[in-house]
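Chain residues, written in single-letter form:
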There are 6 protein chains.
Amino acid sequence: MKPVVITNVPRADAAAIATLQRLGVSTTHEAMGRSGLMKPYMRPIYPGAAIAGSAVTVLAQPGDNWMIHVAIEQVKPGDILVVACTADNTDGMFGDLLATSLKARGGLGLVIDAGVRDVRTLTEMGFPVWSRAISAKGTVKATLGSVNVPVVCAGALVHPGDAIVADDDGIVVVPRREAAAVAEAGATREANEEEKRRRLAAGELGLDMYKMREGLAKAGLVYRDHDDT
Amino acid sequence: MKPVVITNVPRADAAAIATLQRLGVSTTHEAMGRSGLMKPYMRPIYPGAAIAGSAVTVLAQPGDNWMIHVAIEQVKPGDILVVACTADNTDGMFGDLLATSLKARGGLGLVIDAGVRDVRTLTEMGFPVWSRAISAKGTVKATLGSVNVPVVCAGALVHPGDAIVADDDGIVVVPRREAAAVAEAGATREANEEEKRRRLAAGELGLDMYKMREGLAKAGLVYRDHDDT
Amino acid sequence: MKPVVITNVPRADAAAIATLQRLGVSTTHEAMGRSGLMKPYMRPIYPGAAIAGSAVTVLAQPGDNWMIHVAIEQVKPGDILVVACTADNTDGMFGDLLATSLKARGGLGLVIDAGVRDVRTLTEMGFPVWSRAISAKGTVKATLGSVNVPVVCAGALVHPGDAIVADDDGIVVVPRREAAAVAEAGATREANEEEKRRRLAAGELGLDMYKMREGLAKAGLVYRDHDDT
Amino acid sequence: MKPVVITNVPRADAAAIATLQRLGVSTTHEAMGRSGLMKPYMRPIYPGAAIAGSAVTVLAQPGDNWMIHVAIEQVKPGDILVVACTADNTDGMFGDLLATSLKARGGLGLVIDAGVRDVRTLTEMGFPVWSRAISAKGTVKATLGSVNVPVVCAGALVHPGDAIVADDDGIVVVPRREAAAVAEAGATREANEEEKRRRLAAGELGLDMYKMREGLAKAGLVYRDHDDT
Amino acid sequence: MKPVVITNVPRADAAAIATLQRLGVSTTHEAMGRSGLMKPYMRPIYPGAAIAGSAVTVLAQPGDNWMIHVAIEQVKPGDILVVACTADNTDGMFGDLLATSLKARGGLGLVIDAGVRDVRTLTEMGFPVWSRAISAKGTVKATLGSVNVPVVCAGALVHPGDAIVADDDGIVVVPRREAAAVAEAGATREANEEEKRRRLAAGELGLDMYKMREGLAKAGLVYRDHDDT
Amino acid sequence: MKPVVITNVPRADAAAIATLQRLGVSTTHEAMGRSGLMKPYMRPIYPGAAIAGSAVTVLAQPGDNWMIHVAIEQVKPGDILVVACTADNTDGMFGDLLATSLKARGGLGLVIDAGVRDVRTLTEMGFPVWSRAISAKGTVKATLGSVNVPVVCAGALVHPGDAIVADDDGIVVVPRREAAAVAEAGATREANEEEKRRRLAAGELGLDMYKMREGLAKAGLVYRDHDDT
């Protein structure tokens, strides 16, 4: 693949993104038919952060953050930087200087399938990062990669402009053109959950509420009293 | 193994459980002769939680949480749900709706050798979970497992009704019939530690307090001054 | 290697250590030419701790903490205990009693390529630990190791008396004789960063500030508009 | 748990063991209702070995092989030694001298949730070992464990005298009293597979042979031609 | 994502595939500009296998091989089955019966980001499999997935009909439309390597053959004699 | 650390190396007092290789093999190349062309804490490699490292000129100046083992041969008959 930077990438719909942020990762992932999720080794550097935005993607060489500098120029307000590596790596490819620059461009946060450093400062800045590792390991600026090409990040396919939703549960990728439909499906799902939560809190069993007893019996589930075993 | 739900399982002694909760995981584990511990990859979703209760066990298919719904019906106040999988898995098999239901039944918390989701809501609910992973990955309800059979969870054998102690140090399993004896041994150990802590804080060396010097010399330990090396 | 305890090891320069603590791990690591870092699986038991001191080293058998008792006698105020194992191990080799003793001797904290326990108490004591794992697993006192010999801890070579810097980004080892030079180089680097941070916060791009555009073009980077792809 | 050696443990039925060896691990595991399997990180040191026998169990301290010497005295012809550790460990707890001794006692092989060494010699001896790791790391003889107590080895519960089946697919544990029934169920399953293999080899589809089409359609599976997508 | 089976997917060019098989994984990967590689945890079940073919893709639920049965109907001679899971899993989703069926349809081999079993029989059949694990763990047939949709398998994006090249070095994916161009670039690269191999075997240094000395000196590399250090 | 190549490094004694090769890794490691071993994740690319030689060390950037080309010029007949990375990495930094060059210089083999490729050709060449991974992932030549400086490789400290022993059990590092003493100690140990092997093969128990019964009893080991439990 030849190194390239793709400019003027279309973004996901802003209203859909706002809805997805409110819904959060788990509900969005369900609304997509349980797809689009990054692997669970990706963790936020501090609890409580919850963002949604359009992806600016980076494909980088392990241990080399040259292309992150290139990518920041492509960031517009509301974007999230998504960095994939050509091989598994935990080096600290991003720190407080890059965060300062990314924030100044209107970037909302970073998703990186590698390491991050200066996490104390990033936490104080309130700049959220989801990463594979925290590592002070310094990186070089020697080899080209690409910006705004499709990448596989933490097991998920990300196209530039896709909607990214990230919170304490992880990160989910919503294809740009599906963002509005997913937001709508998620909102419907959310509405249904409130009623379920109320009934469960009142002591109703999921077995009854979801009408599972017949299916379980049909599948062959049997009950035995402990004293009979 | 045929799918089965065992009902009316005897619980561990309530007074013993109360003592074990106060002692915590590390002291309980020592009082058991250093056995019964789950593997250290099991971590709490938020710091500071510390619970003890009787185990309701679940054996589930990876990525399938049908049996958790079945298990909740078997939960009584003071119980802890312990979920093992038939294969390593990190899917988010438990979230805020199940927690609402489990809490309504009097369940104290969850120990799951798989993933959990909605961790922000669970934290706000003060509902403690120890898990192998945090993951939004949705699960199916398609295959039977068992409830209240002996399971191996995170490397530890758990029988239904065993006492479970969980805190920031991990999770330890106390066989139901040994709970009272372990609680007593742990309480004795705890009493001894207070005196040791006072002496160590005053500057006394463990080498002297535990009378280790003779054993070390006998084993062949030698001291050399840095300047002589 | 015969078991041995080396006494009266020279310490790193106190003024240099004070500077290194202020600089933190990432800046110190860069000032050393990007070397000396421990592997990123080493994590602090609570966020926010940041210490620097001279290393008292321990080489221990997995699951055996006898030599930690021996090492504490060698600790002087301002020291950091650094424990390596002869094989990968996660057992809880250190807890609140050892921390009480180490603190009473003036020890600042612990770096251990194994497990630690009683983390709630250690957190309340404000006694920082960087470890590979948190585990209640108890250990034996049966086999000799060595104190104040060179060890490989979490992938980094540590000589007794080396300066150790530890914070949320990890742990870096500075050879004793290089501590002053590294502190000076780090302070220079830090001064430069402030100006960079200001410019980046004002919206200047790293591409321009670091004059990267020419190098990128020379390396062959091309830009293409999305509509042309 | 107090250190103990249990003597004169009853063995699994010899005829059942012979059948299980012929059936192999995968068929035995299916015949047990898909239970009893050790984790897949356990691998044979050379391909092609396939054994079945009665378990003599060992619970050992990590890095300490004292109890393996103790256990060998308890081995009778046709037994398999099963070694569990109290914590994850990869040290080379077993080598050619122990294998010589175990073989002289009639032991068929070793299953160890830790490391093994001298693998070249063991291969030349034709002495099969399934282990978590290959490691030359030497061990101590300092701390007691137990022999012929129930252990959790690589995630599976093993009672002394249980039937162990091990081949290139892994290791499965058959409870002693169920060995004959499992052998019979496995033999039936095996007979059915031959006919299936013949039909599949002739080009018949599993979809048809297992009559899956209706179930798939009912579950909602749809087919679309590539040109219509 | 709705479960779907896409039929009549176009295949990669047969002549290009034949060339790619001869070139092997490493040369093909280089010819693609170092992209398209699956993660190195994917290993062949026996050494020496080397195949190339068109991908029939499967997206399966962890621990559920229903869709593999569905996919086999879509296989044509020269195809390779590529199975991805919706979550990390090592269960033995494929064994000798499925291999018999797949082989009868003309399938060349299997690439599966999960486990495989019956590896002794598969080896005797000469049916090559690249997998994440070997495991006897049986699977269910309960939940739909998809066939011939784009999947991320072991970190690489695979479209149905892409060329798959697999050998002892791993697996590389060549987009269907690029197969001919990559084959040509690889063949050119291969021709150049023969001359290089001859010169290096004769003792010429890579430093000279690749004219690296100037670049190294310019980058700042210095040589020092050991006696001067 | 400034990039540097140290030339004319003294080698370990040739006679000692010859003895160490015959003794193999496990015996050498024991003769060193159980130290010097690399981590067990390092595995040979084919079974049966067993070499010993003097180390030429390389410290490389992850994913960059420039310094391996530099190092080959420093190799003399009987040397083993030992490659460490500044961060964990599995890229295929070494293949058949480099092996051809290294072999032409008299190099005996490679130990690399990263990946290797072209393993089929390397196997056919009989060129042994111990690595962390097999991966076709191509590398760049962009960033300097060092040659013949002390490195930590797979957890072991290696100085240039140290003796390296590698076989199916792993890799052990013998400090250059200790090679003769270790070889002598190992030869003595080897002589003792032959007699032990003979006695164990004749059925004598290790419990008796090593006179362990008294120590075990003193430590508190008890025997109980199964029928009494």
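Scroll up a little and you will see the structure.
Quick caveat, the model's predicted, so the values are computed rather than measured. Along each chain, residue indices are assigned from 1 in the same order as the chain's sequence is written. Chain labels run from A onward and ligand labels from 1 onward, assigned in the order the entries are written. Owing to the predicted nature of the model, reporting of local features is limited to residues with pLDDT of at least 70; listing and counting of side-chain atom pairs is limited to 80 or more, with chain, interface and lining totals taken over all residues. By convention in this description, side-chain values take in all heavy atoms of the structure and omit both hydrogens and water.

## Describing the relation of the copies chain C and chain A
Stage number 1. Superposing chain C onto chain A takes a rotation of 120 degrees plus a shift of 0.0 Å along the axis, which leaves an RMSD of 0.0 Å. The transformation just described matches what one would write down for a three-fold rotation axis. When the copies are superposed, the least-squares fit takes in the C-alpha atoms of residues with a pLDDT of at least 70 in both.

## Re the packing of aromatic side chains
Pairs of aromatic rings are described using the distance from one ring centre to the other and the angle between the two planes.
Stage number 1. A pair of Phe, Tyr and Trp rings is counted when the ring centres sit within 6.5 Å of each other, with Trp represented by its six-membered ring. The angle between the planes then sorts it: under 30 degrees is stacked, over 60 is edge-to-face, the rest tilted. Taken as a whole, this structure holds six aromatic pairs over all chains when the rule is applied.
Stage number 2. With a centroid separation of 6.1 Å and 15 degrees between ring planes, the pair formed by Phe 94 of chain B and Phe 127 of chain B is classed as stacked. Here Phe 127 of chain B lies in the loop between α4 (119-125) and β6 (129-134) and Phe 94 of chain B lies in the loop between β4 (79-85) and α3 (96-104), a separation of 33 residues in the sequence. Summarising the burial analysis for this pair, Phe 94 of chain B and Phe 127 of chain B share the class buried.
Stage number 3. Throughout this description, the term charge over a ring refers to an Arg CZ or Lys NZ atom that lies within 6 Å of the ring centre and within 35 degrees of the ring normal. In this structure, Arg 132 of chain E is placed above the aromatic ring of Tyr 41 of chain E, and the distance from its NZ or CZ to the ring centre is 4.3 Å. Counting from the N terminus, the helices are DSSP H or I runs at least four residues long and the strands are E runs at least two residues long. Here the term buried applies to any residue with accessible area under 20% of the maximum for its type, exposed to any over 50%, and partly exposed to those in between, with areas from a 1.4 Å probe on protein chains only.

## Structural notes on the side chain of Gln 61 of chain C
Stage number 1. On the secondary structure map, Gln 61 of chain C appears in the loop between β3 (51-60) and α2 (66-72).
Stage number 2. Counted as a polar contact is a pair of N or O atoms within 3.5 Å, where, for protein atoms, one must be capable of donating a hydrogen and the other of accepting one, and residues adjacent in sequence contribute only when both atoms are in side chains. Within the local environment of Gln 61 of chain C, its side chain forms a polar contact with the backbone oxygen of Gly 63 of chain D, the two atoms lying 3.3 Å apart.
Stage number 3. Contacts were defined at the residue level, with two residues in contact if any of their heavy atoms lie within 4.5 Å. Residues within four places of Gln 61 of chain C in sequence aside, it is in contact with Cys 85, Thr 86, Met 93 and Thr 143 of chain C together with Gly 63, Lys 137 and Val 140 of chain D.

## A look at the arrangement of the chains
Stage number 1. There is no contact between chain A and chain D; across them, the least C-alpha separation is 14 Å.
Stage number 2. Nowhere do chain B and chain F come into contact; their C-alpha atoms are at least 14 Å apart.

## Digging into the interface of chain C and chain A
Stage number 1. Opposite the 37 residues of chain C that make contact, chain A presents 36 residues.
Stage number 2. Once two parts are put together, the accessible area they lose, assessed with a 1.4 Å probe and summed over both, is termed the buried area. The junction of chain C with chain A conceals about 3,100 Å² of combined surface from both sides, 62% of it contributed by carbon and sulfur atoms.
Stage number 3. The partner of Arg 213 of chain C in a salt bridge is Glu 73 of chain A, with the nearest N and O atoms 2.9 Å apart.
Stage number 4. The interface formed by chain C and chain A includes 14 residue pairs in polar contact (both at pLDDT 80 or more).
Stage number 5. Elements with a minimum of two residues in the side of chain C that touches chain A: α1 (14-31), α5 (179-201), α6 (206-209), α7 (213-219) and β12 (222-225) of chain C.
Stage number 6. With six residues, the top contributor of residues to the side of chain C that touches chain A is α5 of chain C.
Stage number 7. Strand pairing requires that DSSP identify at least two bridges connecting the strands. The sheet contact formed by strand β1 (residues 4-7) of chain A and β12 of chain C spans four bridges and is parallel. In the strand pairing of β12 of chain C, Ile 6 of chain A is matched with Arg 224 of chain C. Whenever Lys or Arg places a side-chain nitrogen within 4 Å of a carboxyl oxygen from Asp or Glu, that contact is recorded as a salt bridge.

## Looking at the interface of chain A and chain B
Stage number 1. Counting residues at the interface gives 37 residues for chain A and 36 residues for chain B.
Stage number 2. At the boundary of chain A with chain B, total buried surface from both sides reaches about 3,100 Å², with 62% on carbon and sulfur atoms.
Stage number 3. Remark: the boundary between chain A and chain B carries four salt bridges.
Stage number 4. The interface formed by chain A and chain B contains 14 residue pairs in polar contact (both at pLDDT 80 or more).
Stage number 5. Only α1 (14-31), α5 (179-201), α6 (206-209), α7 (213-219) and β12 (222-225) of chain A provide two or more residues apiece to the side of chain A that touches chain B.
Stage number 6. Ranked by the residues each element gives to the side of chain A that touches chain B, the list is headed by α5 of chain A, at six residues.

## Considerations on the pattern of salt bridges
Stage number 1. For the coordinates displayed, the defined rule picks out 108 salt bridges over all chains.
Stage number 2. Sharing partners across several salt bridges, the network here consists of Glu 30, Arg 34, Arg 189, Glu 193, Glu 194 and Arg 197 of chain A together with Asp 96 and Arg 117 of chain B.

## Some words on the packing of helix α5 (residues 179-201) of chain E against helix α3 (residues 96-104) of chain F
Stage number 1. Put simply, α5 of chain E and α3 of chain F touch, their axes get as near as 8 Å, and they point 15 degrees apart. With respect to α3 of chain F, the axis of α5 of chain E lies roughly parallel. The interaxial crossing formed by α5 of chain E with α3 of chain F has right-handed handedness. Contacts from Glu 193, Lys 196, Arg 197, Leu 200 and Ala 201 of chain E of α5 of chain E reach α3 of chain F at Asp 96, Leu 97, Thr 100, Ser 101 and Ala 104 of chain F. An axis is simply a line fitted to the C-alpha atoms; with a helix, the fit covers only the stretch in contact. Between two such axes, the angle follows the N-to-C directions and lies from 0 to 180 degrees. Throughout this description, any angle smaller than 35 degrees is read as roughly parallel, any larger than 145 degrees as roughly antiparallel, any in the 65 to 115 degree range as roughly perpendicular, and the remainder as oblique. Should the near helix be turned anticlockwise from the far one by less than a right angle, the crossing is left-handed, and should it be turned clockwise, the crossing is right-handed.

## Some points on the environment of Ala 52 of chain E
All names here are of chain E.
Stage number 1. Checked against the element boundaries, Ala 52 lands in strand β3 (residues 51-60).
Stage number 2. What makes Ala 52 buried here is its relative accessible area of 6%.
Stage number 3. Along the chain, Ala 52 and Val 173 lie 121 residues apart, while their C-alpha atoms are 9.8 Å from each other.

## Observations regarding the packing of helix α1 (residues 14-31) of chain E against α5 of chain E
All names here are of chain E.
Stage number 1. One can describe the packing of α1 onto α5 by two numbers: an axis separation of 8 Å at closest approach and a directional angle of 70 degrees. Between α1 and α5, the interaxial angle falls into the category roughly perpendicular. α5 is crossed by α1, and the crossing has left-handed handedness. When α1 is examined against α5, the residues Ala 16, Thr 19, Leu 20, Arg 22, Leu 23, Thr 27, Thr 28, Glu 30 and Ala 31 are found in contact with a partner set consisting of Ala 179, Ala 180, Val 182, Ala 183, Ala 185, Gly 186, Ala 187, Arg 189 and Glu 190.

## A short note on the side chain of Gln 74 of chain F
Stage number 1. You can see Gln 74 of chain F is positioned in the loop between α2 (66-72) and β4 (79-85).
Stage number 2. Those residues in contact with Gln 74 of chain F that lie beyond four places of it in its chain are Tyr 223 of chain E together with Val 5, Ile 6, Thr 7, Arg 11, Val 56, Asp 79, Val 147 and Asn 148 of chain F.

## Points about the state of the cysteines
When the sulfur atoms of two cysteines share a covalent bond, that bond is a disulfide.
Stage number 1. Here, the term disulfide refers to a pair of cysteine sulfur atoms separated by no more than 2.5 Å. Scanning all chains against the criterion turns up zero disulfides over all chains.
Stage number 2. Of all cysteine sulfurs, the one in Cys 85 of chain C lies closest to Cys 153 of chain C, which takes part in no disulfide; the gap is 8.7 Å.

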